[in-house]
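Fold and geometry: a report
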Amino acid sequence: MTTILVTGGTGTLGRLVTERLRAAGHEVRVLSRHAQPYAVDLREGGPGLDAALDGVDTVVHCASTPRGGDEQAARHLVGAARRVGVRHLVYISIVGVDQVPFGYYTTKLAVERIVEESGLGWTILRATQFHDLVLQVLEYAAKLPVMPLPAGVSDQPIDAGEVADRLCALAVGDPAGRVADMGGPEVRAFPDLARAYLRASGRRRGLLNVPLAGKAYRAFREGGHLAPERAEGRITFEQYLSTRPGARV
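Let me sum up the structure you'll find in this document. Note that the structure is predicted; figures quoted are calculated from it, not measured. Numbers given for residues are sequential positions, taken from 1 along each chain in its written order. Predicted model: local features are reported for residues with pLDDT of at least 70 only, side-chain atom pairs are reported and counted for 80 or more only, and whole-chain, interface and lining totals are derived from all residues. By convention in this description, side-chain values take in all heavy atoms of the structure and omit both hydrogens and water.

With that out of the way, let us pick up the nonpolar core. One finds Y105, L138, M147, Y197, F237 and L241 to be the most contacted residues of the largest nonpolar core, which totals 27 residues. Each helix corresponds to a stretch of at least 4 residues labelled H or I by DSSP, and each strand to a stretch of at least 2 residues labelled E; elements are numbered beginning at the N terminus. Among the secondary structure elements, those contributing two or more residues to this core are helix 4 (103-116), helix 5 (131-141), strand 6 (146-150), helix 7 (190-201), helix 8 (215-221) and helix 9 (237-242). It is helix 7 that contributes the most residues to this core, seven residues altogether. Setting aside residues no more than four positions away along its own chain, L138 makes contact with M147, L149, F190, L193, A194, Y197 and F237. Nine residue types can take part in a nonpolar core, namely buried Ala, Val, Leu, Ile, Met, Phe, Trp, Tyr and Cys, and a core is a set of them joined through side-chain atoms within 4.5 Å. A 1.4 Å probe rolled over the protein chains alone gives each residue an accessible area, and that area as a share of the maximum for its type sets the label: buried under 20%, exposed over 50%, partly exposed in between. By definition in these notes, contact holds between two residues if any of their heavy atoms fall within 4.5 Å.

Here helix 7 is twelve residues long and its end C-alpha atoms lie 16 Å apart, about the 16 Å a rise of 1.5 Å per residue gives. All buried positions along helix 7 are accounted for by F190, P191, L193, A194, A196, Y197, L198 and A200. Summarising the contacts, the buried residues of helix 7 are in contact with helix 5, strand 6, strand 7 (154-155), strand 9 (188-189), strand 10 (206-210) and helix 9. Following helix 7 by one or two positions, G202 has its phi on the positive side, about 70°. Given a helix with a known number of residues, its expected span is that number minus one, times 1.5 Å.

Right, let's talk about the pairing of strand 6 for a bit. Here strand 6 shows a clear split, with M147 and L149 buried on one side and none of V146, P148 and P150 buried on the other. Where strand 6 and strand 10 come together, five bridges link them in parallel fashion. Its bridge partner lying in strand 10, M147 is registered against L207. In this analysis, strands are considered paired if DSSP registers two or more bridges between them.

Here we come to the sheet that holds strand 8 (residues 177-178). Strand order in the open sheet formed by six strands is 2-1-3-4-5-8, with parallel pairing between adjacent strands. Whereas interior strands pair on both sides, the edge strands pair on one side only; in this sheet they are strand 2 (27-31) and strand 8. Of the pairings in the sheet, the one linking strand 3 (residues 58-61) to strand 4 (residues 88-94) comprises four bridges and is parallel in character. When the sheet's bridge partners are listed, T58 is paired in strand 4 with H88. Against the sheet, helix 4 contacts strand 4 and strand 5 (121-127), and its axis sits at roughly 160° relative to strand 4. Here an axis means a line fitted to C-alpha atoms, over the contact stretch when the element is a helix, while the angle between two N-to-C directions is reported on a 0 to 180 degree scale.

A few words on the side chain of T58. Tracing the chain through its elements places T58 in strand 3. Residue classification places T58 among the buried positions, given a relative accessible area of 0%. For T58, the side chain forms a polar contact with the side chain of D57, separated by 2.8 Å. Each residue touching T58, except ones within four places of it in the same chain, is listed here: T3, I4, L5, V86, R87, H88, V90 and A171. Any pair of N or O atoms that falls within 3.5 Å is considered a polar contact. Within protein, one atom must be able to donate a hydrogen and the other to accept it, and sequence-neighbouring residues count only if both atoms are side-chain atoms.

Treat this as a map of the structure, not an account of what it does.
Below, the structure is given as structure tokens:
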């Protein structure tokens, strides 16, 4: 059994990775801004980061935020990992970061390059969007009397637990470089996903397809963020919704 550090270990994905690795008997350290004893802001680095990594064999890097700072955080993490001799760095990225010129995707691609050029043994897994994120988007849209949806855009949501399972398998193995993408079980048009959400929540809303402009929207519309040939997920969006409190499906 190895000592594994999970960055962002209190987040949606990191928490699941931590639980699974501990259940398998590994010593797991959780690093986040507020989780003691390894409360570290990766964007700032510092001696606390070196202490958290001391004696660690593998890092699973789940920490990320669309608010910025991921590249700086990755540089601090890589620098400290090299200083203490970490053997394996596993990074979770997003399908389409090299196809869709969307700000957050561009940052994730830049972090991939930092990992690849780190001098450490590394593994990168790209996954499609989690069910949780799609639900957040739909809940926000449902605050209006008519739900605005991006016209012509589909998604391929995947269960975060299934991605966590894959990350854990990669973490306990040898560095594998860029591994095959992992996609959800179905490619679904946004109106279809919205109707599933409305049925599950017992709400009534009209749907309004809104055409958008720009290169990122065009890339989403063309499916640059999808991986239909890698539909490895098994849990559908409806099955995910059925586990939510108050679900009607």
